[in-house]
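# Examination of the molecular architecture
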Amino acid sequence: MLVTGANGYVASWLVKRLLEAGCDVRATVRDPGDPAKTAHLLAAVRACPGTLTLFRADLLDPRGFRRAMADCALVFHTASPLIVREAVDPVRDLIEPATRGTRHVLEAASRTPSVRRVVLTSSIVAVYGDAADLAEIEEDRFDESHWNRSSGEHHQPYSYSKTLAERLAWKIAGDQDRWDLVVVNPGLVLGPGLSPHTRAEGVLIMRDLGNGYYRFGAPELELAVVDVRDVAEGHLRAGLIPEAGGRHILVSETLGLIEIAEILRARFGGGFPFPRRIVSKPVAYMLAPRRGIPQAVAKRNIGYPLRFDNRRARESLGMEFRPAAESVTSHFRQLLDDGLVLRAAAGA
Ligand code: NAP
């Protein structure tokens, strides 16, 4: 089987699980010779019964994926640029690599006779664009029937890139009938990473909470949390359960920033500058751009409830999600141990 973007936060856990199960894993990374990106994967294979072969592949170039996919029955396509805030050039940095990469990987699957299934890592941001969109649907929560219709190149371009990539994946899958497509749509992924560095949004949020950016108050913002280990499990089940098909929202629970702060204060003590109150909307709108969040995005997300139906993942994939508090505390603990959050005088 093949995993693209194997060194990433999510994929590293998936690769580890596959190696533990004794699988022969072919894995693409941008630079197999860069120990900063591969050392944790090579350490995992030493401790596991499976085997690992690394291949060089860039989303913008189809050749690496064709080579890596030879003889694989199952492909996990996780690689995609993850720049939620401040993409310099959204088309070049997000939309082109996400969509061209999906085309390259899925067209390689169509040209590789052994492939029977592709599991695509999409996102809940392909399901909705802004929390305010919830008021525009009939249901009280988003489910797999919903699609993001409000993002674009200039408004939530990361969400747009994931939406375009998933739509393209369904189109390419529909043009043939040898392999089937199973999609997972994770929420905000939290929990301990195996890879040493990640720009994942979850890390930025936890660092801001721990380092005091919100010490005078946090915006009324809800986040749909899922644990990175559950996301890996969801991929595994999407790949291995024969009847699996369609989209699967992977979300454990929705928590407000203030609720996350309360969980962290209860676990790590009052020595950290976690926020204790919600700031007014005008203040939140004013401060958002300092964190790379445009005011237009802040206005359509702050103060709106965000709800997801995770029934399909529970029923079709048999998922049982860890409580979000466990993901929050284990993630913060790791950032603390790695020195990415400043250690408080007491309580840690
Ligand atoms: P990550 O650690 O940044 O992993 C992203 C992976 O994509 C990395 O391996 C990265 O390689 C690779 N990649 C990016 N641009 C590439 C390119 N041009 N060519 C080849 N590889 C490229 O983030 P992650 O959280 O694990 O994300 C994995 C997947 O989950 C993505 O599809 C993301 O959209 C999705 N997802 C993530 C979250 C979340 O909260 N983290 C939520 C929902 C969905 P480099 O290390 O070389 O850059």
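Model, not experiment: these values are computed from the prediction. (Residues numbered from 1 in each chain as written. Predicted model: local features only at pLDDT ≥ 70, side-chain atom pairs only at ≥ 80, totals over all residues. Heavy atoms only, no water.)

### Considering the nonpolar core
Across soluble globular proteins, nonpolar side chains show a tendency to be buried alongside one another. Among the nonpolar cores identified, the biggest contains 38 residues, and Val3, Val15, Leu18, Leu19, Val25 and Leu52 are the most heavily contacted of them. Counting only elements with at least two residues in this core, the list comes to helix H1 (9-20), strand S2 (24-29), helix H2 (35-46), strand S4 (74-77), strand S6 (180-186) and helix H7 (228-240). In terms of residues, this core owes the most to one element, H1, which gives 8 residues. When neighbours within four sequence positions are excluded, Leu52 is seen to be in contact with Val15, Leu19, Val25, Ala27, Leu41, Leu42 and Val45. Core analysis: the next-biggest nonpolar cluster, separate from the first, contains 25 residues, Val203, Met206, Tyr214 and Leu223 among them. (Core = buried A, V, L, I, M, F, W, Y, C linked by side-chain atoms within 4.5 Å. Buried < 20%, exposed > 50% of the residue type's maximum accessible area, 1.4 Å probe, protein only. Helix = DSSP H or I, 4+ residues; strand = E, 2+ residues; numbered from the N terminus. Contact = heavy atoms within 4.5 Å.)

### Topic: empty space enclosed by the protein
With the rule as written, the count across this model stands at 1 cavity of 30 Å³ or more. Lining of the largest cavity is provided by His77, Thr78, Ala79, Ser80, Ala98, Thr102, Leu120, Thr121, Lys162 and Ala165. Only helix H4 (90-111), strand S5 (117-121) and helix H5 (157-174) provide two or more residues apiece to the lining of the largest cavity. Within the lining of the largest cavity, the residues separate by chemical class into 4 nonpolar, 5 polar and 1 charged. (1 Å grid on protein atoms, 1.4 Å probe; cavity = no way out; pocket = protein on both sides within 12 Å on 5 of 7 lines; lining within 4 Å. Points joined across faces, edges and corners; volume = space filled by probe spheres on them. Nonpolar A, V, L, I, M, F, W, Y, C, P; charged D, E, K, R; others polar.)

### So, H4
Spanning 22 residues, H4 covers 30 Å between terminal C-alpha atoms, matching the ideal 32 Å at 1.5 Å per step. Residue Glu96 marks the point of greatest curvature in H4, where the axis turns by about 35°; the proline Pro97 follows within four residues. (Expected span 1.5 Å × (residues − 1). Bend = angle between axes of the 7 residues up to and from the residue.)

### So, the pattern of salt bridges
For side chains bearing opposite charge, pairing can occur when the charged atoms are close. Applying the stated criterion across every chain yields a total of 23 salt bridges. Across the salt bridge formed by Glu107 and Arg103, the nearest N and O atoms sit 3.0 Å from each other. Taken as a pair, Glu107 and Arg103 lie in helix H4 at a separation of 4 residues, close to a single helical turn. A residue is classified by how much of its surface remains accessible, and Arg103, at 36% relative accessible area, is partly exposed. (Salt bridge = Lys/Arg side-chain N within 4 Å of Asp/Glu carboxyl O.)

### Some thoughts on helix H12 (residues 324-337)
With 14 residues, H12 extends 20 Å between its outermost C-alpha atoms, agreeing within 8% with the 20 Å of an ideal straight helix rising 1.5 Å per residue. Every buried residue of H12 is listed here: Ala324, Ser327, Val328, Thr329, Ser330, His331, Phe332, Leu335 and Leu336. Directly after H12, the chain includes Gly339, whose backbone phi takes a positive value near 75°.

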